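Okay, here's what each chain looks like letter by letter:
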Amino acid sequence: MTEDKREIEALSASFVRGIRLGEFEDLSIFAPDADICCSHTGSGRGPAGALRLLAYPGPKPEQVRQNVENMDFYREGSKARQSFHILQIYTLHGENGELHYFRYGGIFAVGYGKEKDGWKIESVRFDLCCAEGNTFWVKDWNLIFSVDNSLRM
């Protein structure tokens, strides 16, 4: 494995961990002018845009489960692309012991570029494909599905 591939894999792992935690430990993984576009939260630029658009807005969950699959990767020179499917579930017990959850899934396409100080995420595209559970936690998201999973028109 090349040094470039190792560096991109570390960046990818940091990105996926940030999605799971709902916050990014190190925003320097994003290029200063990174282009972020999410079907459920909108568009923005740079690390601040990434944090605003990709963060989980709900209450701090007791558990988060994440499944990342169908990961494809392609690199040519100083550019690389990666795509993957994600399914994530957040759980939290209410005051009376009832279990609340929110689950969502979608497709990420992430673009990387090699800059003077190493590889950075230059673009993120996310298409929300499904959502269910306590959608109040994500009331500001543009959900394409209603609570009963019927397509909104």
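Residues numbered from 1 in each chain as written. Predicted model: local features only at pLDDT ≥ 70, side-chain atom pairs only at ≥ 80, totals over all residues. Heavy atoms only, no water.

Undergrad: Give a description of helix α2 (residues 46–54) that names residues and reports values.
TA: An α-helical turn contains 3.6 residues, so a residue and the one three or four places further along point in the same direction. Those residues of α2 that fall on the buried side of the exposure criterion are Gly46, Gly49, Ala50, Leu53 and Leu54. In an axial view of α2, the angular spread of the buried residues amounts to 100 degrees, which keeps them on one side of the axis. Along α2, exposed side chains directed more than 90 degrees from the buried face belong to Ala48 and Arg52. Against α1 (3–21), β1 (30–38), β2 (42–45), β5 (99–115) and β6 (118–133) lie the buried residues of α2. (Buried < 20%, exposed > 50% of the residue type's maximum accessible area, 1.4 Å probe, protein only. Helix = DSSP H or I, 4+ residues; strand = E, 2+ residues; numbered from the N terminus. Arc of directions from axis to C-beta. Contact = heavy atoms within 4.5 Å.)

Undergrad: Any details on α1? Residues and values, ideally.
TA: The terminal C-alpha atoms of α1 lie 27 Å apart, and with 19 residues this matches the ideal 27 Å at 1.5 Å per residue to within 8%. Of all the residues in α1, the buried ones are Asp4, Ile8, Leu11, Ser12, Ser14, Phe15, Val16, Gly18 and Ile19. Here the buried face of α1 lies against β1, α2, β3 (63–76), β4 (79–93), β5 and β6. Immediately beyond the C-terminal end of α1, within one or two residues, lies Gly22, with a positive phi of roughly 80 degrees. (Expected span 1.5 Å × (residues − 1).)

Undergrad: Just give me the short version of the sheet that holds β3, but keep the residues and values in it.
TA: Within the open sheet, the six strands sit side by side as β2-β1-β6-β5-β4-β3. Their pairing is mixed. Two strands close off the open sheet at either side, each with one partner strand: β2 and β3. Going across the sheet, the axis of each strand differs from the next one's by a mean of 15 degrees, ignoring polarity. Relative to β6, β5 runs antiparallel, the two sharing 14 bridges. Residue pairing for β6: Glu115 is matched across the bridge by Gly118. (Pairing = 2+ DSSP bridges. Axes fitted to C-alpha atoms, helices over the stretch in contact; angles between N-to-C directions.)

Undergrad: For the nonpolar core, give the residues involved together with the corresponding values.
TA: The biggest cluster of nonpolar side chains holds 36 residues, and the ones touching the most others in it are Phe15, Phe30, Leu54 and Phe108. When residues of this core are traced back to their parent elements, those giving at least two are α1, β1, α2, β4, β5 and β6. With six residues, β6 is the single largest residue contributor to this core. For Phe15, the contacting residues outside a window of four places in its chain are Phe24, Ile29, Phe30, Leu54, Phe84, Phe108, Val110, Ile121 and Val124. (Core = buried A, V, L, I, M, F, W, Y, C linked by side-chain atoms within 4.5 Å.)

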